[in-house]
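# Residue-level structure breakdown
Each chain, written out:
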Amino acid sequence: MEFHIVLLPGDGIGPEIVGQAQKTLEAVARKYGHVFDFEPLLMGGCSIDKYGVPLTDEVLEKAKGSDAVLLGAVGGKVGQSAWYKLPPEKRPEAGLLAIRKGMGLFANIRPAYLFPQLKHRCPLKEEVIKDGFDLVIVRELTGGLYFGKHETTVENGLRTAHDTLIYNEEEIRRIAVRAFDMAMKRRKKVSSVDKANVLASSRLWRQVVEEVAKDYPEVQLEHVLVDNAAMQLVRDPGQFDVILTENSFGDILSDEASEVTGSIGMLSSASLGSGKCGLYEPSHGSAPDIAGQDIANPLATILSAAMLLRYSLDLDKEADDVESAVRAVLAAGYRTPDIMSEGCQKVGCSQMGDLVVKTLLETQ
Ligand code: IPM
Ligand code: MG
């Protein structure tokens, strides 16, 4: 099979980690006889430096026309980089929001599970972790607080700012359907997270989620208030299967979930729309402080490439193969500095990529 993949390495450690994921995809192509044609393009701070904007129309069009997009990370040090002297809509992160919106990627899928090999890095106590956890956050990505009106004014002589959290029922329905579909393939539980005791948008969210639930009688639905959800994630993460939530709540809870796995360097994500094309990126940021040192952990990006194979290219076996290779490399004791522990062998970013490739090509 032949596929066109747009690469957006971005800033900071982005180019290093995307390089390893590309190597992995090339190995998949070799092993299974596919052709992946990669097109590297600029987005984020690197695009600002060259074109004055974080995302050009041309890059957005090329991304839309591709089979899938693999992204590294965008942005630099807030307060230090010149990018943050620009108005908010011209900064690196605005490019990320614009590509999500422009490609219609309303569903952000963020799995968080405990790799048995990294169990000791989990900050929770043994009795809380029990047999580990395996959950996925389904975050609405193109609406809510992020895309409502943002405004700074002066009211009664006081500087005043508004951000609007707005959803219509269709936006809620389509993301809820995604969450329930996903639950059907997993442990059949959806925890819908909202703040219905305070917010009108959350009350609508709850109503629409209940309507959707009627089509999925096998799935157990619970509603959890977001403050309680934040607490439950550290009290007993194993209770969750699929967490369905609004854009900003999902942003916050997914960082919390990643910390509970003990290593943000391991977490992949997929952003999907109504078609097959999706955007895949690690859950972590551009880590400018360690950029260019070949010490970043490429596994989250490699695992995002596995999601790309599964969701956009329908290559499930190939995706499983990449995930097994990652597990095998960890089981063999190789670690980047962020997940290093006693008795393990420390490796750099490109060496980690090489190990995954080697394992992938060696196994049947
Ligand atoms: C994320 C990030 C982005 C977000 C930022 C960089 C705009 O935190 O993907 O979670 O808030 O969505
Ligand atoms: Mg975030």
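Reference entry: report on the structure contained in this document. Since we're looking at a predicted model, the values are computed, not measured.

Rules used in this analysis
Residues numbered from 1 in each chain as written. Chains lettered and ligands numbered in written order. Predicted model: local features only at pLDDT ≥ 70, side-chain atom pairs only at ≥ 80, totals over all residues. Heavy atoms only, no water. Near = heavy atom within 4 Å. Polar contact = N/O pair within 3.5 Å; in protein donor to acceptor, adjacent residues only side chain to side chain. Areas by Shrake-Rupley, 256 points an atom, 1.4 Å probe, with all protein chains shown as cover. Helix = DSSP H or I, 4+ residues; strand = E, 2+ residues; numbered from the N terminus. Nonpolar A, V, L, I, M, F, W, Y, C, P; charged D, E, K, R; others polar. Core = buried A, V, L, I, M, F, W, Y, C linked by side-chain atoms within 4.5 Å. Buried < 20%, exposed > 50% of the residue type's maximum accessible area, 1.4 Å probe, protein only. Contact = heavy atoms within 4.5 Å. Salt bridge = Lys/Arg side-chain N within 4 Å of Asp/Glu carboxyl O. 1 Å grid on protein atoms, 1.4 Å probe; cavity = no way out; pocket = protein on both sides within 12 Å on 5 of 7 lines; lining within 4 Å. Points joined across faces, edges and corners; volume = space filled by probe spheres on them. Pairing = 2+ DSSP bridges. Right-handed = clockwise from strand over helix to strand, strands pointing away. Phe/Tyr/Trp six-rings, centres within 6.5 Å; stacked < 30°, edge-to-face > 60°. Lys NZ or Arg CZ within 6 Å of the ring centre and 35° of its normal.

This part covers the site of ligand 1. The environment of ligand 1 is formed by Glu93, Leu96, Arg100, Arg110, Arg139, Tyr146 and Asp251. Arginine 100 is positioned with one of its side-chain polar atoms (N or O) 2.7 Å from an oxygen atom of ligand 1. Interatomic distance of 2.5 Å between a side-chain N/O atom of tyrosine 146 and an oxygen atom of ligand 1. The fraction of the free accessible surface of ligand 1 (320 Å²) that becomes covered by protein chains is 74%. The greatest single-element share of the shell around ligand 1, amounting to three residues, is contributed by helix α4 (residues 92-102). Residues of the shell around ligand 1, tallied by class, amount to two nonpolar, no polar and five charged.

On to the nonpolar core, then. For soluble globular proteins, nonpolar side chains are generally found buried alongside one another. By size, the foremost hydrophobic cluster in this structure holds 65 residues, and its most contacted members are Phe36, Ile109, Leu244 and Leu309. Looking at which element gives the most residues to this core, the answer is helix α10 (residues 299-311), with eight residues. For leucine 309, the contacting residues outside a window of four places in its chain are Leu25, Val28, Phe36, Asp314, Leu315, Glu318, Ala319 and Val322. If you look at the next biggest cluster of nonpolar residues, it comprises 20 residues, including Cys122, Ile129, Ile137 and Ala229.

When we look at burial in α4, the residues that qualify are Pro92, Ala94, Gly95, Leu96, Ile99 and Arg100. Once α4 ends, the next one or two residues include glycine 104, with phi positive near 70°.

Next up on the list: the pattern of salt bridges. For the coordinates displayed, the defined rule picks out 22 salt bridges. Note that arginine 173 is salt-bridged to glutamate 169, the shortest N-O span being 2.8 Å. Remark: glutamate 169 and arginine 173 occur in helix α6 (residues 169-184); sequence separation between them is four residues, near one turn of the helix. Overall, arginine 173 belongs to the partly exposed group, its relative accessible area being 26%. Overall, the relative accessible area of 44% leaves glutamate 169 in the partly exposed class. Residue lysine 358 is joined to glutamate 362 by a salt bridge in which the shortest nitrogen-to-oxygen separation is 3.5 Å. Within this pair, lysine 358 and its partner glutamate 362 are both found in helix α12 (residues 349-362), separated by four residues, close to a single helical turn. You can call glutamate 362 exposed: its relative accessible area is 53%.

It is worth spelling out the environment of cysteine 46 at this point. Tracing the sequence through the fold places cysteine 46 in helix α2 (residues 45-51). Sequence-wise, cysteine 46 and proline 92 are 46 residues apart; in three dimensions their C-alpha atoms are separated by 8.4 Å. Discounting chain neighbours no more than four positions away, the residues touching cysteine 46 are Gly10, Asp11 and Trp83.

Counting across every chain of the model gives three cavities of 30 Å³ or more. Of the volumes computed, that of the largest cavity is approximately 50 Å³. Going through the elements one at a time, β8 (189-194) and α7 (200-213) are the ones with two or more residues in the lining of the largest cavity. Top contributing element to the lining of the largest cavity by residue count: α7, with three residues. Along the lines of polarity and charge, the residues of the lining of the largest cavity split into five nonpolar, two polar and two charged.

A word on the pairing of β8. The element β8 is extensively covered by neighbouring structure, given that six of its six residues are classed as buried. The side-chain alternation of β8 yields two buried faces, one formed by Lys189, Ser191 and Val193 and the other by Val190, Ser192 and Asp194. Across six bridges, the pairing between β8 and strand β9 (residues 220-225) is parallel. Each bridged residue has a counterpart across the sheet, and for serine 192 the counterpart in β9 is histidine 223. In this view, the connection linking β8 to its parallel neighbour β9 by way of α7 has right-handed handedness. Pairing analysis gives four bridges linking β8 to strand β10 (residues 242-245), with the strands arranged parallel.

Take lysine 189: it is sitting in strand β8. Along the sequence, lysine 189 and lysine 149 sit 40 residues apart, while their C-alpha atoms lie 33 Å from each other. Other than its neighbours up to four places away in sequence, lysine 189 contacts Ala183, Val219, Gln220, Glu222, Gln239, Asp241 and Val242. Engagement of the side chain of lysine 189 in a polar contact is seen with the backbone oxygen of glutamine 239, the distance being 2.8 Å.

For any pair of aromatic rings, the description rests on two quantities: the centre-to-centre distance and the angle between the ring planes. Within the structure shown, the criterion is met by five aromatic pairs. Above the face of the phenylalanine 147 ring, lysine 101 is positioned so that its terminal group lies 4.8 Å from the ring centre. Cation over ring: arginine 174 sits above phenylalanine 106, and NZ or CZ is 4.2 Å from the ring centre.

None of the figures reported here should be taken as evidence of function without further support.
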